[in-house]
Amino acid sequence: MGDDPTIPLGDVRQSDPGSDRQGAFKRGWTAAVKDLDDDAAPSKYAEGPPPETLTWDSLGYRLGSVFGETDDDLRQELFDWCRQKQKRES
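Okay, so let's go over this structure. The structure displayed is predicted, hence computed values, not measured ones. (Residues numbered from 1 in each chain as written. Predicted model: local features only at pLDDT ≥ 70, side-chain atom pairs only at ≥ 80, totals over all residues. Heavy atoms only, no water.)

Some points on the side chain of Ser43
With respect to the secondary-structure elements, Ser43 resides in the loop between helix H1 (19–36) and helix H2 (56–67). The exposure class assigned to Ser43 is buried, which follows from its relative accessible area of 11%. Polar side-chain contacts of Ser43 include one of 2.7 Å to the side chain of Asp35. (Helix = DSSP H or I, 4+ residues; strand = E, 2+ residues; numbered from the N terminus. Buried < 20%, exposed > 50% of the residue type's maximum accessible area, 1.4 Å probe, protein only. Polar contact = N/O pair within 3.5 Å; in protein donor to acceptor, adjacent residues only side chain to side chain.)

Some remarks on the packing of H1 against H2
A packed helix pair is summarised by two numbers, namely the angle formed by the two axes and the spacing between the axes. Across the interface, H1 lies against H2 with an axial gap of 6 Å and an inter-helix angle of 40°. Considering their axes alone, H1 and H2 lie oblique with respect to each other. Crossing geometry of H1 relative to H2 is assigned as right-handed. Each of Arg21, Ala24, Phe25, Arg27, Gly28, Trp29, Ala31, Ala32, Asp35 and Leu36 in H1 lies in contact with H2, whose residues at this interface are Trp56, Asp57, Leu59, Gly60, Tyr61, Leu63, Gly64, Ser65 and Phe67. Here the residues of the contact of H1 with H2 sort into eleven nonpolar, four polar and four charged. (Axes fitted to C-alpha atoms, helices over the stretch in contact; angles between N-to-C directions. Parallel < 35°, antiparallel > 145°, perpendicular 65-115°, else oblique. Left-handed = near helix turned anticlockwise from the far one by under 90°. Contact = heavy atoms within 4.5 Å. Nonpolar A, V, L, I, M, F, W, Y, C, P; charged D, E, K, R; others polar.)

What to know about a negative patch on the surface
The grouping of Asp71, Asp72, Asp73 and Glu77 at the surface amounts to a negative patch. By the secondary structure assignment, Asp71 is in the loop between H2 and helix H3 (72–89). On the basis of relative accessible area, Asp71 is assigned to the partly exposed category, the value being 48%. (Patch = residues over 30% accessible without salt bridge, like charges linked within 9 Å, V, L, I, M, F, W, Y side chains within 5 Å. Areas by Shrake-Rupley, 256 points an atom, 1.4 Å probe, with all protein chains shown as cover. Salt bridge = Lys/Arg side-chain N within 4 Å of Asp/Glu carboxyl O. Lys, Arg positive; Asp, Glu negative; His and termini not counted. Charge placed at Lys NZ, Arg CZ, Asp CG, Glu CD.)

With respect to H3
A rise of 1.5 Å per residue sets the reference length of H3, with its 18 residues, at 26 Å; its end C-alpha atoms lie 26 Å apart and thus fit the reference within 8%. All buried positions along H3 are accounted for by Arg75, Leu78, Phe79, Cys82 and Gln86. In an axial view of H3, the angular spread of the buried residues amounts to 100°, which keeps them on one side of the axis. Seen from the open side of H3, the exposed residues pointing more than 90 degrees away from its buried face are Asp73, Glu77, Trp81 and Arg88. (Expected span 1.5 Å × (residues − 1). Arc of directions from axis to C-beta.)

Section: the pattern of salt bridges
Following the criterion strictly, the structure yields four salt bridges and no others. In this structure, Arg75 engages Glu69 in a salt bridge whose closest nitrogen and oxygen atoms are separated by 3.2 Å. The exposure class assigned to Glu69 is exposed, which follows from its relative accessible area of 58%. Two residues, Arg83 and Asp80, come together in a salt bridge whose shortest N-O distance is 3.4 Å.

See below:
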């Protein structure tokens, strides 16, 4: 995957994302739900779209923007699916 044109700096991902990446994913999702709530204080993404660089945080934000508030089991299932997909591709 080193020559993937969609990753301008090359693939810098961990081969097996751990709890730090899981936390980032969930923080991003929480920020998205916060931005969907008109009464909540805005998240760090409220000024514009998430950065083009795909991180676990911005991935969580993107999915949270689509699915909104969900139970923790579904968030965990989606994180696990993304992690397994990454492991298969690396």
